[in-house]
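Given next are the chains, with one letter for each unit.
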Amino acid sequence: MKRVWKTPELDYYNLYADMLQQPHLLIAGATGSGKSVVINGMMTTALKDSPAAVQFILIDPKRVELVDYKELPHTLRYSSEPGEMVQALQEAITITDNRYRDMARQHVKKYGGGAVYVVIDELADLMTTNKKQVQPILQRLCQIGRAANVHVVAATQCPLSAVIPTPIKVNFDSRVALRTRSGQDSRNILGVTGCELLPRYGQGYYMTPEGCRLYNIPMYETETPDIIEYWRKQKPRIVWNG
Ligand SMILES: Nc1ncnc2c1ncn2[C@@H]1O[C@H](COP(=O)(O)OP(=O)(O)O)[C@@H](O)[C@H]1O
Ligand SMILES: [Mg+2]
């Protein structure tokens, strides 16, 4: 994929669409820095596509961040209780395994069907509720997900290795770094200090293996509820084949 960097004022749709194309994305920053705003922006962008092309598995330890997306036809599973969240991750693994089986049958190395986004808001909360069970499943999901078009999008306020172990963090080779509380937190996300100097919200660094640059981060105040409402109304009319 060829990446075209846009100037910050231009085309926010492209920024979020690009983030969605990353294998896995980690969004980090202090409380109130706009992590959930980034997640909502990406999901709003993803919802331009039908449930045949985009599906969500939502993990919401805080119980209020992703609940608006629960009733969408795109949502395979919404989970907010500790046991449910582990099951949701396991379901993502099952989907991935099934896709590998299809790929093997068709002799292809990359899955050609729709994208599944496993959205976690927030990862630190998920890890603290059930680290022992979560860590190996999440690690495996990150490792096998990319070729199967299964992507993990995770927000976290605390990128310390005590909370998010290094074997998990290294799988997120694309990152959004919003304002952090300290230079050390910034270093934990980007490898360098600087995020502690960002404005309280509204700007962030977007780092991929190809480079890192500063973006203005837009918030879709009206578009998000509008598109949720649109799909909720469609849900009873969507008939799955098979
Ligand atoms: N990019 C942005 N543009 C406008 N307002 C923003 C932006 N990011 C954050 N905010 C403001 O800050 C508040 C907190 O953002 P939120 O995404 O909930 O932070 P976090 O999830 O990091 O705790 C939002 O409700 C909004 O009022
Ligand atoms: Mg949040």
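Residues numbered from 1 in each chain as written. Chains lettered and ligands numbered in written order. Predicted model: local features only at pLDDT ≥ 70, side-chain atom pairs only at ≥ 80, totals over all residues. Heavy atoms only, no water.

A count of helical and extended segments in the protein chain gives seven helices and eight strands. On C-alpha atoms alone, the protein chain measures out to a radius of gyration of 17 Å, which is about the 18 Å that the 2.2 N^0.38 rule sets for 242 residues. Projected onto its principal axes, the C-alpha positions of the protein chain cover 55 × 40 × 35 Å. Here the protein chain, with 242 residues, has 51% of them falling under the buried criterion. By sequence separation, contacts in the protein chain at least 24 residues apart represent 68% of the contacts at least 6 residues apart. Carbon and sulfur atoms make up 52% of the accessible area of the protein chain, which totals about 11500 Å². Once the 29 positive and 24 negative side-chain charges of the protein chain are each reduced to a mean point, those two points are 6 Å apart. (Helix = DSSP H or I, 4+ residues; strand = E, 2+ residues; numbered from the N terminus. Rg over C-alpha atoms; globule rule 2.2 N^0.38 Å. Buried < 20%, exposed > 50% of the residue type's maximum accessible area, 1.4 Å probe, protein only. Contact = heavy atoms within 4.5 Å. Areas by Shrake-Rupley, 256 points an atom, 1.4 Å probe, with all protein chains shown as cover. Lys, Arg positive; Asp, Glu negative; His and termini not counted. Charge placed at Lys NZ, Arg CZ, Asp CG, Glu CD.)

All right, on to the site of ligand 1 then. Lining the immediate surroundings of ligand 1 are Ala30, Thr31, Gly32, Ser33, Gly34, Lys35, Ser36, Val37, Tyr201, Gly202, Ile217 and Met219. Residue glycine 34 places a main-chain N or O atom 3.1 Å away from an oxygen atom belonging to ligand 1. For ligand 1, an oxygen atom lies 2.9 Å from a polar atom in the backbone of valine 37. Its free accessible area being 560 Å², ligand 1 has 69% of it covered by the protein chains. Of the residues that constitute the shell around ligand 1, the class distribution is five nonpolar, six polar and one charged. (Near = heavy atom within 4 Å. Polar contact = N/O pair within 3.5 Å; in protein donor to acceptor, adjacent residues only side chain to side chain. Nonpolar A, V, L, I, M, F, W, Y, C, P; charged D, E, K, R; others polar.)

Applying the stated criterion to the full structure yields three aromatic pairs. Geometry around tyrosine 215 places arginine 213 over its ring, the cationic atom sitting 4.9 Å from the centre. (Phe/Tyr/Trp six-rings, centres within 6.5 Å; stacked < 30°, edge-to-face > 60°. Lys NZ or Arg CZ within 6 Å of the ring centre and 35° of its normal.)

This part is about the sheet that holds strand S5 (residues 150–156). Strand order in the open sheet formed by eight strands is S3-S2-S4-S5-S1-S6-S7-S8, with mixed pairing between adjacent strands. Bordering the open sheet on either side are strand S3 (75–79) and strand S8 (211–216), each of which pairs with just one other strand. Sheet twist, expressed as the average angle between the axes of neighbouring strands with direction ignored, equals 15°. Together, strand S2 (54–59), S3, strand S4 (115–121) and S5 form the strand contacts of helix H3 (residues 82–106), whose direction differs from that of S3 by roughly 155°. (Pairing = 2+ DSSP bridges. Axes fitted to C-alpha atoms, helices over the stretch in contact; angles between N-to-C directions.)

Helix H6 (residues 183–190) sits mainly inside the fold: six of its eight residues count as buried. Of the residues making up H6, those classed as buried are Gly183, Asp185, Ser186, Asn188, Ile189 and Leu190. With its phi angle positive at about 90°, glycine 191 sits one or two positions after the end of H6.

In this section: the UniProt feature "domain: FtsK" (unreviewed entry) in the protein chain. With numbering matched to this structure, UniProt assigns "domain: FtsK" (unreviewed entry) to residues 12–187. In the segment residues 12–187, helix accounts for 44% and strand for 19%; the C-alpha atoms at its two ends are 26 Å apart. (UniProt positions renumbered as here; feature names shortened; annotations may be inferred.)

Applying the stated criterion to the full structure yields one cavity of 30 Å³ or more. There is about 40 Å³ of room inside the largest cavity. Lining the largest cavity are Leu20, Ile39, Met42, Met43, Phe56, Tyr117, Val119 and Val153. Of all the secondary-structure elements, those providing two or more residues to the lining of the largest cavity are helix H2 (35–46) and S4. For the lining of the largest cavity, the leading source of residues is H2, giving three residues. When the residues that make up the lining of the largest cavity are grouped by side-chain class, the tally is eight nonpolar, no polar and no charged. (1 Å grid on protein atoms, 1.4 Å probe; cavity = no way out; pocket = protein on both sides within 12 Å on 5 of 7 lines; lining within 4 Å. Points joined across faces, edges and corners; volume = space filled by probe spheres on them.)

A word on the UniProt feature "binding site: ATP" (unreviewed entry) in the protein chain. Here the UniProt feature "binding site: ATP" (unreviewed entry) sits at Gly29, Ala30, Thr31, Gly32, Ser33, Gly34, Lys35 and Ser36. With respect to the helices and strands, glycine 29 occurs in the loop between strand S1 (24–28) and H2. Overall, glycine 29 belongs to the buried group, its relative accessible area being 2%. In this view, glycine 29 contacts Lys35, Thr156, Gln157, Leu178, Arg179 and Thr180; residues no more than four positions away in its chain are not counted. For serine 36, the location among the structural elements is in helix H2. When near neighbours in sequence (up to four residues on either side) are disregarded, serine 36 contacts Glu65 and Asp121.

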